[in-house]
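# Survey of secondary and tertiary structure
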Amino acid sequence: MIFVGEGALLWRAVQHTLDSGLPVDLVCGPPPAVNTTRPDVPFRAVADVNSVAAELVAASTDGVVWSLNNRMIFRAPVLSRGLRVLNVHHGPLPAYRGLPEVALVYAMLRGEREFAATLHQVDDGIDTGPILAADRFPIGPDEPFHMVLCRGLRICHRLFERCLPLVAADPAWNGEPARPGGAGPSGYFGRRELARLPDHRDHPEFSRATDLGFLADYLPELAAVLE
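It should be emphasised that the depicted structure is a prediction, and the values quoted were computed from it without experimental measurement. (Residues numbered from 1 in each chain as written. Predicted model: local features only at pLDDT ≥ 70, side-chain atom pairs only at ≥ 80, totals over all residues. Heavy atoms only, no water.)

### A look at the overall build of the protein
The condition that has to hold: Under the scheme used here, helices are H or I runs from DSSP no shorter than 4 residues and strands are E runs no shorter than 2 residues, and both carry numbers assigned from the N terminus. Note on method: radius of gyration uses C-alpha positions; expected globular size equals 2.2 Å times residues raised to 0.38. Buried means the residue's accessible area, taken with a 1.4 Å probe over protein chains only, is under 20% of the maximum for its type, while exposed means over 50%, and partly exposed covers the values in between. Accessibility throughout is a Shrake-Rupley quantity obtained with a 1.4 Å probe, and a residue counts as covered only by protein chains that appear here. For this count, His and the chain ends are skipped, Lys and Arg are scored as positive, and Asp and Glu as negative. Where a charge lies is defined by one atom per residue type: Lys uses NZ, Arg uses CZ, Asp uses CG and Glu uses CD.
Summing up its helical and strand segments, the protein has eight helices and nine strands in all. Computed over C-alpha atoms, the radius of gyration of the protein comes to 17 Å, within 12% of the 17 Å expected from 2.2 N^0.38 for 227 residues, which places it in the range of a compact globule. With the C-alpha coordinates aligned to their principal axes, the bounding extent of the protein is approximately 55 × 40 × 30 Å. Buried positions account for 51% of the 227 residues belonging to the protein. When the accessible surface of the protein is summed, it comes to about 10300 Å², and 54% of that surface belongs to carbon and sulfur atoms. Charge separation in the protein, taken as the distance between the mean sites of 21 positive and 27 negative side-chain charges, equals 3 Å.

Listed below in structure tokens is the structure:
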């Protein structure tokens, strides 16, 4: 298995895979990231995962690529090589596609009372591929953004742990019988919606939905827009 992404969510997944006795063929992450967590695992620093498509194919032993906390967009150089890319997305799909932290702010502004972690197969769109599994979790009416986001990351890891053995047993696993999607039509929350967040300062839930707490240093783009 190959892993693409960054941060604690990625490396916890790598560690869990190794602890499960499964192979980790390669880990790819954005520079200047370095592999300080598992020096025994092959690591490739890359700004665009599509530029190393041939390396991914050569390294892969099962044709599976996991994407966790990954902002790089997979394009044809990877998707046309026979690799199956599985992305753990922090948000219910298709209603909350895009940047998870931005989508969560808007979900809270809209009064959503639950969010989700979703596993989907990556296609040539952004968070548009077939949904394989999803785990929902509540958003408390008085909970600040940072509390909800942290809960969601834990649910993302739990979803990965739950689906890993299913994919390991069958790399072509087609998902769970019940694959709940996000309520409502497809919605995309990217940098344009990020830039528009200050327009909602008069919203009664704005302070709660943008309370980054200790996460401010980990979400610099969001923190900068909210200053």
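Let's pick the thread back up.
### Considering the sheet that holds strand 4 (residues 64-68)
Backbone-to-backbone hydrogen bonds join strands into a sheet, with any given pair of strands oriented parallel or antiparallel. Let me state the cut-off plainly: Two strands are counted as paired when DSSP detects at least two bridges linking them. The angle between two axes is taken between their N-to-C directions and runs from 0 to 180 degrees, where each axis is a line fitted to C-alpha atoms and a helix contributes only its stretch in contact. Working rule for contacts: check all heavy atoms of both residues, and any pair within 4.5 Å makes them a contact.
Spatial strand order, 3-2-1-4-5-7-8: seven strands in an open sheet with mixed pairing. Two strands lie at the open edges of the sheet, namely strand 3 (43-45) and strand 8 (131-138), each paired on one side alone. Each neighbouring strand pair of the sheet contributes to a mean axis angle of 15°, computed without reference to strand direction. Sheet topology places strand 1 (residues 2-5) next to strand 4; four bridges connect them, and they run parallel. Across the sheet, the residue bridging to Phe-3 is Trp-66, located in strand 4. Contacts from helix 1 (residues 7-19) reach strand 1, strand 2 (26-29), strand 3 and strand 4, with the element oriented near 165° to strand 1.

### Points about helix 1
Selection criterion: An expected span of 1.5 Å times one less than the residue number is assigned to each helix.
Here helix 1 contains 13 residues, and its C-alpha end-to-end distance of 18 Å stays within 8% of the 18 Å for a straight helix at 1.5 Å per residue. Residues Leu-9, Leu-10, Trp-11, Ala-13, Val-14 and Thr-17 constitute the buried set of helix 1. Here the buried face of helix 1 lies against strand 1, strand 2, strand 3, strand 4 and helix 5 (145-169).

### Points about the pairing of strand 1
For the record, the criterion: A crossover gets the label right-handed when its path from the first strand over the helix to the second runs clockwise, viewed with the strands pointing away from the viewer.
Burial along strand 1 is two-sided: Ile-2 and Val-4 facing one way and Phe-3 and Gly-5 facing the other are all buried. Following the backbone out of strand 1, through helix 1 and into the adjacent parallel strand 2, one traces a crossover that is right-handed.

### Here's the deal with helix 4 (residues 100-109)
The buried fraction of helix 4 is high, at nine of ten residues. One or two residues past the end of helix 4 sits Gly-111, with phi positive at roughly 80°.

### Re the nonpolar core
For the record, the criterion: We call a set of buried Ala, Val, Leu, Ile, Met, Phe, Trp, Tyr and Cys residues a nonpolar core when their side-chain atoms join them within 4.5 Å.
If you look at the biggest cluster of nonpolar residues, it comprises 56 residues, and the most contacted ones within it are Phe-3, Trp-66, Leu-68, Leu-119, Phe-145 and Leu-222. Residues within four places of Leu-222 in sequence aside, it is in contact with Glu-101, Val-105, Phe-145, Leu-194, Leu-197 and Leu-212.

### Digging into the side chain of His-157
Positionally, His-157 belongs in helix 5. If sequence neighbours within four positions are ignored, His-157 has contacts with Leu-9, Arg-12, Ala-13 and His-16.

### Examining the pattern of salt bridges
Heads up, the condition is: By convention in these notes, a salt bridge is any Lys or Arg side-chain nitrogen within 4 Å of a carboxyl oxygen on Asp or Glu.
Per the stated rule, a full pass over the model turns up ten salt bridges. Glu-221 is paired through a salt bridge with Arg-191; the nearest N and O atoms lie 3.0 Å apart. Taken as a pair, Glu-221 in helix 8 (residues 220-226) and Arg-191 in helix 6 (residues 191-195) lie far apart in primary sequence, 30 residues in all. Classification of Glu-221 by relative accessible area gives partly exposed; the value is 35%. Notably, a salt bridge pairs Glu-193 with Arg-192, separated by 3.5 Å at the nearest N-O pair. On the basis of relative accessible area, Glu-193 is assigned to the buried category, the value being 11%. Under the relative-accessibility criterion, Arg-192 is labelled exposed at 55%.

This is a description of form; function is not addressed.
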